Amino acid sequence: FFGSFLTLFARCQWKSTPQMPPLSSALPLKEWTTEHVCKWITQEGMGNYATIFREQQVDGRALVDLQFSDLCDELDIASPADQNQLWGLIQALREKDLRIHAPHLLRDAVNPDISDISQDPLEAALHTFEP
């Protein structure tokens, strides 16, 4: 029995901090806590900013609403290179979240409902979509 326990124990990978589950099985981004955001930013190699995100209480809802200018103005991230890197990571996370949790929003953005456009080809060609 003891030998079996040691074999099983050796196969297990024990970590001091649990890993956040992959986004595909995680909560929608808007439901992330500040700790989810800090774990994500650390996993993305930008952990040196986790303290700032924690102090400013950046949760998933704040991350969704964050603007590029907020990185410098609100979070005091001075390095333009880091601002650009963080912004790219945030944009990619937002897109991934939409693909997983709200694919209909992406589908509607790519294929807007044009059922209200007249069947007249000239009118349809002149129709412009406004966001």
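Cut-offs used in this document
The numbering scheme is per chain: residues are counted from 1 as the chain's sequence reads. In keeping with the model being predicted, local features are shown solely for residues with a pLDDT of at least 70 and side-chain atom pairs are shown and tallied solely at 80 or more, while totals for entire chains, interfaces and linings include all residues. As a rule here, side-chain values come from all non-hydrogen atoms in the structure, and water together with hydrogens is ignored. Pairing of aromatic rings covers Phe, Tyr and Trp, the last through its six-membered ring, and needs centres within 6.5 Å; plane angles under 30 degrees mean stacked, over 60 mean edge-to-face, and all others mean tilted. The helix count covers DSSP runs of H or I at least four residues long, the strand count covers runs of E at least two residues long, and both are numbered beginning at the N terminus. Only protein chains enter the accessibility calculation, which uses a 1.4 Å probe; a residue is then buried when its area is under 20% of its type maximum, exposed when over 50%, and partly exposed in between. Within this analysis, the arc is defined by the directions that extend from the helix axis to the C-beta atoms. Should any heavy atoms of two residues lie within 4.5 Å, those residues are counted as being in contact. Between Lys or Arg on one side and Asp or Glu on the other, a salt bridge is scored when a side-chain nitrogen of the former is within 4 Å of a carboxyl oxygen of the latter.

1. Details of the packing of aromatic side chains
Then, number 1: All chains considered together, the criterion is met by one aromatic pair.
Then, number 2: When the ring of Phe-68 is compared with that of Trp-87, the centres are 5.8 Å apart and the planes differ by 85°; the resulting orientation is edge-to-face. On the criterion of sequence distance, the pair formed by Phe-68 in helix H5 (residues 68-73) and Trp-87 in helix H6 (residues 80-101) is long-range, its members being 19 residues apart.
Then, number 3: Residue classification places Phe-68 among the partly exposed positions, given a relative accessible area of 32%.

2. Let's talk about unusual backbone geometry
Then, number 1: If you check the backbone angles, Gln-57 has positive phi at about 55° while not being a glycine.
Then, number 2: You can see Gln-57 is positioned in the loop between helix H3 (50-55) and helix H4 (60-65).
Then, number 3: You can call Gln-57 exposed: its relative accessible area is 60%.
Then, number 4: One non-glycine residue, Asp-76, adopts positive backbone phi at about 55°.
Then, number 5: With respect to the helices and strands, Asp-76 occurs in the loop between H5 and H6.

3. Considerations on helix H2 (residues 34-43)
Then, number 1: Those residues of H2 that fall on the buried side of the exposure criterion are Thr-34, Val-37, Cys-38, Trp-40 and Ile-41. Projected onto a plane normal to the axis of H2, the buried residues spread over an arc of 165° and lie on a single side.
Then, number 2: Buried residues along H2 sit in contact with H3, H4 and H6.
Then, number 3: Looking one or two residues beyond H2, the residue adopting positive phi is Gly-45, at roughly 85°.

4. Some details on the environment of Cys-72
Then, number 1: Counting through the fold element by element, Cys-72 comes out in helix H5.
Then, number 2: Overall, Cys-72 belongs to the partly exposed group, its relative accessible area being 36%.
Then, number 3: Along the backbone, Cys-72 and Gln-83 are eleven residues apart, and their C-alpha atoms lie at a distance of 7.4 Å.
Then, number 4: Beyond its immediate chain neighbours, meaning those up to four positions away, Cys-72 contacts Ile-77 and Gln-83.

5. Description of the pattern of salt bridges
Then, number 1: Taken as a whole and judged by the stated rule, the model has two salt bridges.
Then, number 2: Arg-54 is the partner of Glu-35 in a salt bridge, and the nearest nitrogen-oxygen pair spans 2.8 Å. Here the residue Glu-35 occupies a position in helix H2, and Arg-54 occupies one in helix H3, the gap between them amounting to 19 residues.
Then, number 3: Overall, the relative accessible area of 39% leaves Glu-35 in the partly exposed class.

6. Considerations on the environment of Val-64
Then, number 1: Topologically, Val-64 is positioned in helix H4.
Then, number 2: With 29 residues separating them in the primary sequence, Val-64 and Leu-93 have C-alpha atoms 9.2 Å apart.
Then, number 3: Aside from chain neighbours lying at most four places away, what touches Val-64 is Leu-29, Lys-30 and Arg-94.

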